[in-house]
Amino acid sequence: MPYIKQSSPPFAKVARLIRGYGLTASKLAKILGVSEVTARKRLVSPELLSLKDIDRISRYGHIPMEELRESISK
């Protein structure tokens, strides 16, 4: 049976949204209170973000919560 590759990986919209608002790994690390290595891992795989992390990104990264919800659900 042929394998069909997905057009984009899951949660890719979340990562694009966060980067689109100018949040780099170092800025995200300061917002979340983690090391820069951990922040970079969470940017590469946004499914590792917890609800607390998403709330902090929304508040301190100045990203509207509605946009984050839409990017997660679609």
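Residues numbered from 1 in each chain as written. Predicted model: local features only at pLDDT ≥ 70, side-chain atom pairs only at ≥ 80, totals over all residues. Heavy atoms only, no water.

*Asks:* I would appreciate a short explanation of the overall build of the protein in the present structure.
*Replies:* Helix and strand content of the protein: five helices and zero strands. Reading the protein from its N terminus to its C terminus gives the helix and strand order α-α-α-α-α. Dimensions of the protein along its principal axes, counting C-alpha atoms only, are 45 × 25 × 20 Å. Taking contacts inside the protein between residues at least 6 apart in sequence as the whole, the part at least 24 apart equals 54%. Per element, the accessible surface of the protein, about 5400 Å² overall, is 57% carbon and sulfur. (Helix = DSSP H or I, 4+ residues; strand = E, 2+ residues; numbered from the N terminus. Contact = heavy atoms within 4.5 Å. Areas by Shrake-Rupley, 256 points an atom, 1.4 Å probe, with all protein chains shown as cover.)

*Asks:* Where do I start with the packing of helix α4 (residues 51-60) against helix α5 (residues 65-73) in this structure?
*Replies:* Direction vectors running N to C along α4 and α5 enclose 140°, while the axes themselves pass 9 Å from each other. Taken together, the axes of α4 and α5 are oblique relative to one another. Two secondary-structure elements touch here, α4 through I54, D55 and S58 and α5 through M65, L68 and I72. Tallied by class, residues from the contact of α4 with α5 come to four nonpolar, one polar and one charged. (Axes fitted to C-alpha atoms, helices over the stretch in contact; angles between N-to-C directions. Parallel < 35°, antiparallel > 145°, perpendicular 65-115°, else oblique. Nonpolar A, V, L, I, M, F, W, Y, C, P; charged D, E, K, R; others polar.)

*Asks:* Where do I start with the nonpolar core in this structure?
*Replies:* The nonpolar side chains of soluble globular proteins are, as a tendency, buried together. Counting 16 residues, the largest nonpolar core has I18, L23, L28, L32, L49, I57 and I63 as the members making the most contacts within it. Put simply, the parts of the chain that give this core at least two residues each are α1 (12-20), α2 (25-32), α3 (36-44) and α4. With five residues, α2 is the single largest residue contributor to this core. (Core = buried A, V, L, I, M, F, W, Y, C linked by side-chain atoms within 4.5 Å. Buried < 20%, exposed > 50% of the residue type's maximum accessible area, 1.4 Å probe, protein only.)

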